[in-house]
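Structural description and commentary
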Amino acid sequence: MMEQGLGSESIPVTGPVDKSRVLNVRPLRCLVPIFPSPPGTSSISSPQASPFVCVPPTGPFPPGVAPFFPFLIPSESQQNSETQFAAPNPAGSYGFNNSIPSPVPITSFRTPAPNSGAASWNQYSGSANGNSGPSRRSSRNRAAAVQSQPDDDGYIDSQNQGDQYLSSFSMHVAEDTGKVGWKRGNSQKRTRSGREFNMSTPDVDIDSVANDFLASFNLSGFDTIRRADGDRELARYILMIYNLLRRRITQVEDSKEATPGMTRRPDLRAGTILMNKGVRTNVTKRVGAVPGIEVGDIFFFRMEMCLVGMHAPSMAGIDYMSLKITLDEEPVAVSIVSSGSYEDTVDDGDVLIYSGQGGVLRKDKHMMDQKLERGNLALEKSLHRGNEVRVIRGMKDETNPTGKVYLYDGLYKIQESWVEKGKSGCNVFKYKLIRTPGQPESFTLWKSIQHWKDGITSRAGVILPDLTSGAESLPVSLVNDVDHEKGPAYFTYFPSLKYPKPVDASQPSLSCNCRGGCQPGDHNCPCLQKNGGALPYTSVGVLLSYKSLIHECGPSCLCPPNCRNRISQAGLKIRLEVFRTKDKGWGLRSWDPIRSGTFICEYAGEVIDKSLEDEYVSENDDNYIFDATRICEPLEIMPGNSDDSPKVPFPIVVSAKNGGNVARFMNHSCTPTVYWQPVLREESYLHIAFFAINHIPPMKELTYDYGKVQSGKAEPRRKKCLCGSYKCRGYFY
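Before going into details, it helps to say that this report is about the structure given with it. What you see is a predicted model, and the numbers here were worked out from it, not measured in a lab. (Residues numbered from 1 in each chain as written. Predicted model: local features only at pLDDT ≥ 70, side-chain atom pairs only at ≥ 80, totals over all residues. Heavy atoms only, no water.)

Check the secondary structure of the protein chain and you find 13 helices and 32 strands. Counting the 733 residues in the protein chain, one finds 49% classified as buried. Taking the intrachain contacts of the protein chain between residues at least 6 apart in sequence as the baseline, contacts between residues at least 24 apart amount to 69%. Per element, the accessible surface of the protein chain, about 35100 Å² overall, is 53% carbon and sulfur. (Helix = DSSP H or I, 4+ residues; strand = E, 2+ residues; numbered from the N terminus. Buried < 20%, exposed > 50% of the residue type's maximum accessible area, 1.4 Å probe, protein only. Contact = heavy atoms within 4.5 Å. Areas by Shrake-Rupley, 256 points an atom, 1.4 Å probe, with all protein chains shown as cover.)

Attention now goes to helix 8 (residues 266–276). Counted residue by residue, helix 8 has ten buried out of eleven residues, so it is predominantly covered. Looking only at helix 8, the buried set comprises P266, D267, L268, R269, A270, G271, T272, I273, L274 and M275. At the exit of helix 8 stands G278, carrying a positive phi of roughly 75°.

With 44 residues, the main nonpolar core has Y603, F626, I652, M666, W676, F690 and L702 as its most contacted residues. The element that contributes the greatest number of residues to this core is strand 29 (residues 685–692), accounting for four residues. Those residues within four positions of Y603 in sequence are excluded, and the remaining contacts are L497, Y624, I625, F626, V654, A656, N661, A663, R664, I688, F690 and Y704. (Core = buried A, V, L, I, M, F, W, Y, C linked by side-chain atoms within 4.5 Å.)

What the three strands build is an open sheet, ordered 23-25-24; its pairing is antiparallel. Each edge of the open sheet is held by one strand with a lone partner, namely strand 23 (606–607) and strand 24 (625–627). Pairing geometry for strand 24 and strand 25 (residues 653–655), over three bridges, is antiparallel. Bridge pairing links D627 to V653 in strand 25. (Pairing = 2+ DSSP bridges.)

So, about the sheet that holds strand 28 (residues 674–681). Read across the sheet, four strands follow the order 19-28-29-22 without closing on themselves; strand pairing throughout is mixed. Pairing within the sheet leaves two strands with one partner each, and these edge strands are strand 19 (550–552) and strand 22 (599–602). Adjacent strand axes in the sheet meet at a mean angle of 40° when their direction is disregarded. Relative to strand 29, strand 28 runs antiparallel, the two sharing eight bridges. (Axes fitted to C-alpha atoms, helices over the stretch in contact; angles between N-to-C directions.)

Further remarks concern the packing of helix 7 (residues 232–255) against helix 8. Where helix 7 contacts helix 8, the two axes come as close as 9 Å, and the packing angle between them is 130°. As the angle between them shows, helix 7 and helix 8 are arranged oblique. Crossing handedness for the pair helix 7 and helix 8: right-handed. Seen from helix 7, the contacting residues are I241, Y242, L245, R246, I249, T250 and E253; seen from helix 8, they are P266, D267, R269, A270, G271, I273 and L274. (Parallel < 35°, antiparallel > 145°, perpendicular 65-115°, else oblique. Left-handed = near helix turned anticlockwise from the far one by under 90°.)

Moving on: the side chain of D397. Here D397 is to be found in the loop between strand 13 (388–396) and strand 14 (404–421). On the accessibility criterion, D397 (2% relative accessible area) is buried.

Attention now goes to the environment of C632. Structurally, the position occupied by C632 is in the loop between strand 24 and strand 25. Residue C632 is classed as buried on the basis of its relative accessible area, which comes to 9%. As a C-alpha pair, C632 and W676 span 44 residues in sequence and 9.7 Å in three-dimensional space.

A word on the pattern of salt bridges. Counted according to the given criterion, the structure contains 24 salt bridges. Residue R232 pairs with D297 through a salt bridge whose shortest N-O separation is 2.5 Å. Pair noted here: R232 is in helix 7 and D297 is in the loop between helix 8 and strand 7 (298–299), with a separation of 65 residues, a long-range link. A relative accessible area of 34% means that R232 is categorised as partly exposed. Judged by its relative accessible area of 12%, D297 is buried. The closest approach of N and O atoms between R630 and D627, which form a salt bridge, is 3.7 Å. Note on R630: relative accessible area 9%, which makes it buried. (Salt bridge = Lys/Arg side-chain N within 4 Å of Asp/Glu carboxyl O.)

On to the side chain of Q677. Positionally, Q677 belongs in strand 28. Dropping the residues within four chain positions of it, Q677 is found in contact with L543, Y546, K547, S548, L549, I550, H687, I688, A689 and F691.

This part covers the packing of aromatic side chains. For the structure on display, the rule yields 19 aromatic pairs. Ring geometry for Y603 and F626: centres 5.2 Å apart, planes at 35°, overall tilted. Here Y603 is found in the loop between strand 22 and strand 23, whereas its partner F626 is found in strand 24, with 23 residues between them in sequence. Take Y603 and F626: they sit in the same class, and that class is buried. Seen from their ring centres, Y603 and F690 are 6.3 Å apart, and the 50° between their planes marks the pair as tilted. Taken together, the residues span a long stretch of sequence, with Y603 in the loop between strand 22 and strand 23 and F690 in strand 29 at a distance of 87 residues. Neither residue differs from the other here; Y603 and F690 are each classed as buried. Chaining the aromatic ring pairs together yields one cluster made of Y603, F626, W676, F690, Y704, Y706 and F732. The residue whose ring lies beneath R664 is F491, and the NZ or CZ to ring-centre distance is 3.9 Å. (Phe/Tyr/Trp six-rings, centres within 6.5 Å; stacked < 30°, edge-to-face > 60°. Lys NZ or Arg CZ within 6 Å of the ring centre and 35° of its normal.)

By definition, a disulfide links the sulfur atoms of two cysteine residues through a covalent bond. Taken as a whole and assessed by the stated rule, the structure comprises zero disulfides. Distance from the sulfur of C514, which forms no disulfide, to the nearest cysteine sulfur (C525) is 3.7 Å. Overall, C514 belongs to the buried group, its relative accessible area being 10%. (Disulfide = S-S within 2.5 Å.)

Our next topic: helix 11 (residues 443–454). With twelve residues, helix 11 should reach 16 Å at 1.5 Å per residue; the first-to-last C-alpha distance of 17 Å fits that figure. Residues F443, L445, W446, I449 and W452 constitute the buried set of helix 11. Elements in contact with the buried residues of helix 11: strand 7, strand 13 and strand 14. Just downstream of helix 11, G455 is the residue with a positive phi angle, here 80°. (Expected span 1.5 Å × (residues − 1).)

Now for the environment of P465. Within the secondary structure, P465 sits in the loop between strand 16 (462–464) and strand 17 (477–479). P465 sits in the exposed class, given a relative accessible area of 57%. Spatially, the C-alpha atom of P465 lies 9.3 Å from that of E577, the residues being 112 residues apart in sequence. The residues touching P465, leaving out its near neighbours within four places in the chain, are P475, V476 and S477.

Two faces make up the sheet, and in a regular strand the side chains alternate between them. Burial analysis of strand 21 (residues 586–590) places five of its five residues in the buried class, which makes it a mostly covered element. Burial along strand 21 is two-sided: the face carrying W586, L588 and S590 and the face carrying G587 and R589 are both buried. Counting the residues that bridge the hairpin from strand 20 (residues 576–580) to strand 21 gives five residues, and of these G585 lies at a positive phi of roughly 75°.

It is worth spelling out the pairing of strand 29 at this point. In terms of burial, strand 29 is a largely internal element, seven of the eight residues being buried. Where strand 22 and strand 29 come together, three bridges link them in antiparallel fashion. In the sheet register, F599 faces strand 29, and the bridge partner there is F691.

Considering the arrangement of structural elements, one finds N282 in the loop between helix 8 and strand 7. Each C-alpha atom of the pair N282 and A235 lies 8.8 Å from the other, and the pair is 47 residues apart in sequence. With residues near it in sequence (within four places) discarded, N282 still touches R226, R227, A228, D229, G230, V290, P291, V308 and G309. A polar contact of 2.8 Å, which involves the side chain of N282, links it to the backbone nitrogen of G230. Polar contacts involving the side chain of N282 include one to the main-chain carbonyl oxygen of P291, which spans 2.9 Å. (Polar contact = N/O pair within 3.5 Å; in protein donor to acceptor, adjacent residues only side chain to side chain.)

Bear in mind that shape data such as this cannot, by itself, settle questions of function.
What follows is the structure, given as structure tokens:
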């Protein structure tokens, strides 16, 4: 600045200016602030003490200075102390003698958590993405644009309901104002449909069940390092614990009488419990791939992605973090979920046109233009930085009309962005993402499978379109796109076990009279009593708890064929194919995504007479044999969900050499995707049912552990194991 020496106020002079004068040039930081003159004084009078007041954030506050959040209501002592500002400070200190606390960032002023063990909403929803603190509005708008979207097990994933469920689980949900850590105080909330949801349901029973369940797992390994960065084994372990806990909670809730108007969310409850206990991994946000998660992995619940660090927000579609650029920080996107809530263009397998978030006011459903903030700003910054973004695509769950399957489609880069008018007439941000080349097939494979099902294209390498010749309700393809083998040796296909003679029941059978089907909580149903007082399956056929023996309804029961306690008797519900492997002969895999705990098939064949078991097993080199007398090592996921460990051998040996079903083609693996479960029907006929250990993506081979021979029995010839697992024993029987 140039001072002209005209006094304390630089007032321009009139008339010609002598440009030969040397001006006094001073740097800008030498300037002193100019304050309004006190009343009754001239604006050009000589300088005097400036009425500059420094007010600490906690007060006291002089007249005309308003407190700010979170100090909106001064305490009584603060209000009384304002009298010291009524008259000018004779010393001219203007408050400087007051004790000023140490500087604290405003973001650190949060409402204290009532329970130190409770997890903050920021851990789940991503409302503190990049520490920018997006409001509740931003975390909800991609999950439920105008209408609430059904999610997972048919639960309505609206933000209103989601917030209510989460707040009832000691989670602190962000409010509309953008304040973080505000806990709802109302026990009942009204949704847009007008129904009231009772949020005061006691959680004591479920909490105790969850604690007992988790006590038998080894959770000591979840230290700070493993929580920050995981691996494949840890991510798999966490997801299996989550699904077992979720199913156990479902079973407990099913046994209780339903509260009118209340929607249960065991998926959120299980996720909250594990979050609070620190059972999670990949907490450190990162750009690019997530350790332990592979392209093509699937999730049936948003909470699963939160637990393994794939996508932090439980409802929002954009996850982002802050990167420090020189002295400033700016947000960059790390992952997005495209699940059909917005006007995304998803038909191309390698290109995604993604719509930004926002533009909805949920109270009155008023539409407005989207703003370049939070997630939208992060996507724009990622466009200019060129960083990779994880893309998760949400697809319809064919086994559950109101559910979704979330598919990790790999890494994409944002190529361009623009603004266009949406269907509502408001401006919407659009982002074009291109898939990074060289990654395994994922969404394109899903599209190909759908085309096979719809008959648009033909599956390459098909030898037989239906191996079962109509014996199953769904066709099973026989495929070979590896070599010139024309098919397995001839066998007769039949879908269930064949006993050589009727089995004599050791005790009279107790059959049920549930003509409408066995129902949860029916204490008069003998079939439920055999299973410990609870149904073993969900309504979509998912096994709720692992037991040494499952009791299903039998021929004498009056319940219909579609009873929830006859899941293994209903035949195939998954589209399977028998395929030629590269080095293990024939194998079995699915066209459909399979949820953890889902029934796949039973092992069909001819039951070998007990008197001939030892002779048959030792003298016959039968590659199609199932021996339930072998000891199976307890799976690492089962200790917290099993009544008997290790699995008790059962006196049944089945040969599928001459006849059987698709189960005869399942290969051995030391890290299997499937486990077998004995099922008893009316105390007489034992059957072997297979269930998924964890979520199984389409076209992933279905395998189980063949087990070890009991000591004292004739040991068959060992065979070289080619499973390729990191836990491979090197051989199997």
